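# Breakdown of the fold
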Amino acid sequence: MPRGGGLMAPGARLLFLLAVWTLAALARHGTGKAGDGGWQRPGPAVLAEEQRCAVERRADLSYSEFVQHYAFSRPVILQGLTDNSRFRALCSRERLLASFGDSVVRLSTANTYSYRKVDLPFQEYVEHLLYPQDPTSLGNDTLYFFGDNNFSEWASLFQHYSPPPFSLLGTTTAYSFGIAGAGSGVPFHWHGPGFSEVIYGRKRWFLYPPEKTPEFHPNKTTLAWLQDMYPTLAPSARPLECTVQAGAVFP
């Protein structure tokens, strides 16, 4: 589910960055919108979406087409392949706090090497740390919940999730569940086969091919890179990018 809205499990080998618009804050829409799961917070937009999505969207993709044209060569956004309405309902703020509020979660810092880990109750994280990213904060001072959850503790939730009906030979599935505030995200990093589904909110992706290494300060946040470095890049040096909305899967 989410990194602030997404599920990751075993796409193409790409270097990527994501600025997460998540469960915690669909801030640009204001408050009280139906279907936000109770995660929406008031406030101005943290960032605008990209002008044009550079990643193809497919709602009618067969497994053979996926393997032949996308799995090992380029990204694709999958739409309408599964129905996760039940899982989405279980991921509302109220229901997650009722089910897992006392569970201890491990938070990671947003710098390149995730040096620091902090353990605290999920309810404390949601009520006190789930806020929009401050662009002036350094990565090692920014904490969010993603990826270090104990699978056994969250198994009662994960059993209701329906993954995309595509898999690759030689891979096994491991779910990584997270929730984070608007504008937060991870630094550029390598990733093997995987997919990410947004449950609430949206997630903006930036992707480079393996042979290109972007300039990225190891202790700056994703948001700082996007506001300070991205505008200075020549068109030829810019990554592929796209914003993935709730319900879509990005392998």
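Placed above this text is the structure.
Residues numbered from 1 in each chain as written. Predicted model: local features only at pLDDT ≥ 70, side-chain atom pairs only at ≥ 80, totals over all residues. Heavy atoms only, no water.

## Comments concerning the pairing of strand β11 (residues 202-208)
The cut-off we apply is this: The classification of residues rests on relative accessible area computed with a 1.4 Å probe and restricted to protein chains. Under 20% of the type maximum is buried, over 50% is exposed, and intermediate values are partly exposed. Comment: elements are numbered from the N terminus, with helices defined as DSSP H or I runs of at least four residues and strands as E runs of at least two. A pair of strands is considered paired only if DSSP assigns at least 2 bridges between the two.
Summarising burial for β11: seven of the seven residues are buried, a large majority. Alternating residues of β11 divide into Arg 202, Arg 204, Phe 206 and Tyr 208 and Lys 203, Trp 205 and Leu 207, and every residue in both groups is buried. Sheet topology places β11 next to strand β12 (residues 240-245); six bridges connect them, and they run antiparallel. Directly across from Arg 204, in β12, lies its bridge partner Thr 243.

## A short note on the packing of aromatic side chains
Filter applied, for reference: We call Phe, Tyr and Trp rings a pair once their centres come within 6.5 Å, taking the six-membered ring for Trp, and we label the pair stacked below 30 degrees between planes, edge-to-face above 60, and tilted otherwise. Our definition puts a charge over a ring when NZ of Lys or CZ of Arg is within 6 Å of the ring centre and also within 35 degrees of the ring normal.
Going through the model one piece at a time under the given rule, you end up with 20 aromatic pairs. Measuring from centroid to centroid gives 5.8 Å for Phe 158 and Phe 177, while their planes differ by 55°, and the two rings are tilted. Remark: Phe 177 occurs in strand β8 (residues 176-179) and Phe 158 occurs in helix α5 (residues 151-158); sequence separation between them is 19 residues. By the burial criterion, Phe 158 is buried, and Phe 177 matches it. Connected via pairs of aromatic rings, a cluster forms that spans Phe 87, Phe 100, Phe 122, Tyr 125, Phe 145, Trp 154, Phe 158, Tyr 161, Tyr 175 and Phe 177. One residue, Arg 238, lies across the ring of Tyr 230, its end atom 4.4 Å from the ring centre.

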